[in-house]
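Overview (structure and organization)
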Amino acid sequence: MKKILVANRGEIALRVMKTARNMGIKTVAIYSEADRNAPHVKFADEAVCIGPPPSNESYLLGDKIIKVAKELNVDAIHPGYGFLSENAEFGEHVEKSGMIFIGPKSYAIRVMGSKLAAKDAVKKYDIPMVPGTDEAITNVGAAKEIAKKIGFPILIKASAGGGGKGMRIVENSEEFEDQMKRAISEAENAFGDGSVFIEKFVTSPRHIEIQVLADNFGNTVYLFERECSIQRRHQKVVEEAPSSVLTPELRKQMGEAAVKVAKACDYVGAGTVEFLLDDKHNFYFLEMNTRLQVEHPVTELITGLDLVEQQINVANNEKLSFSQEDLKINGHAFEVRVYAEDPLNNFMPSVGKLEVYRPPSGKNIRVDDGFTEAMQVPIQYDPMLSKLITYGKTRNEAMQTMLEAISEYHIEGVSTTLQFGKFVFEHEAFRSGNFDTNFVKKYYSEEKLKAINEEEAKIAALFALKQYLKDSEKLRLPKISK
Ligand code: MV4
């Protein structure tokens, strides 16, 4: 592999290119007109503008991207996350055009893209699943009887959904028919596939996902878990590895279950198997994400592996150079996603110019970003500015480093979720490890954050005053009357 095109933008495009360059592989960037001056464009050995700002006229134009890649003699295409990364046809077209798609085979993408097909594929492997139906509901009356047996609340999920899209909670049997009708028509509209199924609603779960890695020779390993329960409306905000609640035994069980899920769909490359963990520490398979995920760095920090390097090696038809027994967890890592959103205004996207952009640096701090000072944050794309990642020998050390790194991260011109990250890392429930997916709903409010900010402003003012009073003696500054 001599040349890779990265079919993506922002921090992930840059992150993939950095590894490629370290491996002696040339890089090609594609970009939209909104991203002319973006770091991923400047970093790449070659860059091609593929269209106007809207994603469906640029980053989503699979065939155009393939054409560009062929013209530039590219050997492989890395899709990053989002955009074309879980588009089975795109992967197929890349391979048909004589290039390598750095990702799984289209079969795995298709199977896991349909929640019902995924359930069906893993059925024979004895993977724990939430009680529910495993076929598309055609008879609402019969489904209602099943729901009564399972017990309310139940959740209606769209087979073509995922990541929280197309889900509906039903509290009692009276509202069942109505909710079911809505769910089916919503799924039809959103995905062009009205297949829905029902599951028992696990009320306060943790969201734990397992990173897996597989080569073309039947070797599949798990790279342990990421705890992703701190999320807001299915948008993850803080992730960590390892989880503070898994015992070594449970870790092994979940890891081995994840490997079976990967095998069930002939998985090749880096993938993630999502589980719910209930309050009694029962785990249930939810879905598999067939891409490199945003939060992959926390896994890299605790395993010492470069996941993009592993993806490239596997795509190059190399065998994994290690086995499960070689893998050990070393230390603890956190990630805070820094979005250009205002946590004091319902997390509204806050676009504008990055008047000041100074990320922290130092030992045990990693910042994956795709922005520099004075850049405009485009409105067309995901508002994530960067990922702030910290490492420590222990969870406490990594938490402490995160709080320091947040306070050293200077961004002006747009509002960011950094102060929301600080709120999480100062919260007793988070610090003790005693939290679930309801953390944000349960503990966060704009009023609380405002109160913390005001309290801090008061303390800062008092410190300044104390210092002034001290200095005014020495420096003969004007005295403040008390
Ligand atoms: C669930 C669930 C509880 N019970 N399924 C969310 C993302 C997608 N992967 C599936 N998700 C969930 N599925 C059952 N049977 C809880 C989640 C879930 C969640 C639900 C509501 C609000 C926040 C959530 C965060 C993580 C997972």
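Let us look at the structure shown here. All values reported here derive from a predicted model rather than from experimental measurement.

About the cut-offs
The written sequence of each chain sets the order in which its residues are numbered from 1. Residue-level local features of this predicted model are given only where pLDDT is at least 70; pairs of side-chain atoms are given and counted only at 80 or more, and the full residue set underlies all totals for whole chains, interfaces and linings. With hydrogens and water set aside, each side-chain value is computed from the structure's full complement of heavy atoms. Numbering of helices and strands runs from the N terminus; a helix is a DSSP stretch of H or I covering at least four residues, while a strand is a stretch of E covering at least two. We take the radius of gyration over the C-alpha atoms and set the globule estimate at 2.2 Å times the residue count to the 0.38 power. In what follows, a contact means two residues having at least one pair of non-hydrogen atoms within 4.5 Å. Burial status follows relative accessibility: with a 1.4 Å probe on protein chains alone, a residue under 20% of its type maximum counts as buried, one over 50% as exposed, and anything between as partly exposed. When DSSP finds at least two bridges between two strands, those strands are taken to pair. Patches here are clusters of residues that have more than 30% relative accessible area and form no salt bridge, with a 9 Å joining cutoff for like charges and a 5 Å cutoff for nonpolar side chains (Val, Leu, Ile, Met, Phe, Trp, Tyr). Only the protein chains shown count as covering a residue, and every accessible area follows the Shrake-Rupley method with a 1.4 Å probe. Criterion for a salt bridge: a side-chain nitrogen of Lys or Arg within 4 Å of a carboxyl oxygen of Asp or Glu. For helices, the axis comes from a line fit to the C-alpha atoms of the stretch in contact; other axes are also lines fit to C-alpha atoms, and the angle between any two N-to-C directions lies between 0 and 180 degrees. By the criterion applied in these results, polar contacts are pairs of N or O atoms within 3.5 Å in which, for protein atoms, one can donate a hydrogen and the other can accept it, and in which residues neighboring in sequence qualify only through two side-chain atoms.

A count of helices and strands for the chain gives 16 helices and 20 strands. Taking 482 residues into account, the globule formula puts the C-alpha radius of gyration at 23 Å, and the chain, at 24 Å, falls close to it. Its C-alpha atoms give the chain principal-axis dimensions of roughly 85 × 60 × 45 Å. Of the contacts formed within the chain by residues at least 6 apart in sequence, a portion of 65% connects residues at least 24 apart.

Of all nine residues in strand S12 (residues 269–277), nine are buried, a share of seventy percent or more. Bridge analysis of strand S9 (residues 206–214) against S12 gives nine bridges, and the strand direction is antiparallel. Looking at the pairing, His207 lines up with Leu276 of S12. Judged from the six bridges that link them, S12 and strand S13 (residues 283–289) form a sheet pairing that is antiparallel. Of the residues in S13, the one forming a bridge with Thr272 is Asn289.

Within the open sheet, the five strands sit side by side as S3-S2-S1-S4-S5. Their pairing is parallel. The two strands at the open ends of the sheet, each matched to only one other strand, are strand S3 (46–51) and strand S5 (100–101). Two elements, strand S2 (residues 26–32) and S3, share five bridges in a ladder whose sense is parallel. Bridge pairing links Ile30 to Val48 in S3.

The grouping of Leu462, Leu465, Leu469 and Ile480 at the surface amounts to a nonpolar patch, some 330 Å² of accessible area in total. Here Leu465 falls in the partly exposed class, since its relative accessible area comes to 37%.

Sheet architecture is open: three strands sit in the order S7-S6-S8, paired in antiparallel fashion. The sheet terminates laterally at strand S7 (165–170) and strand S8 (196–200), the two strands that pair on one side only. Across this sheet, the average inter-strand angle for adjacent strands is 25 degrees, counted without regard to direction. The pairing of strand S6 (residues 154–162) with S7 spans five bridges and is classified as antiparallel. What sits directly across from Leu155, in S7, is Ile169. In this fold helix H6 (residues 115–122) packs onto S6 and S8, with an angle of close to 95 degrees to the strand it touches most, S6. Packing of helix H8 (residues 176–191) onto the sheet brings it into contact with S6, S7 and S8, and relative to S7 it is tilted by some 175 degrees.

On to the environment of Ser159, then. If you trace the backbone, Ser159 turns up in strand S6. When its relative accessible area of 2% is taken as the criterion, Ser159 is described as buried. Sequence separation between Ser159 and Gly113 is 46 residues; the distance between their C-alpha atoms is 8.2 Å. If near-sequence neighbours (up to four positions away) are discounted, Ser159 is found in contact with Gly113, Ser114, Lys115, Leu116, Ser195, Val196 and Phe197. A polar atom in the side chain of Ser159 sits 3.2 Å from the side chain of Ser114.

Keep in mind these numbers describe shape, not what the thing actually does.
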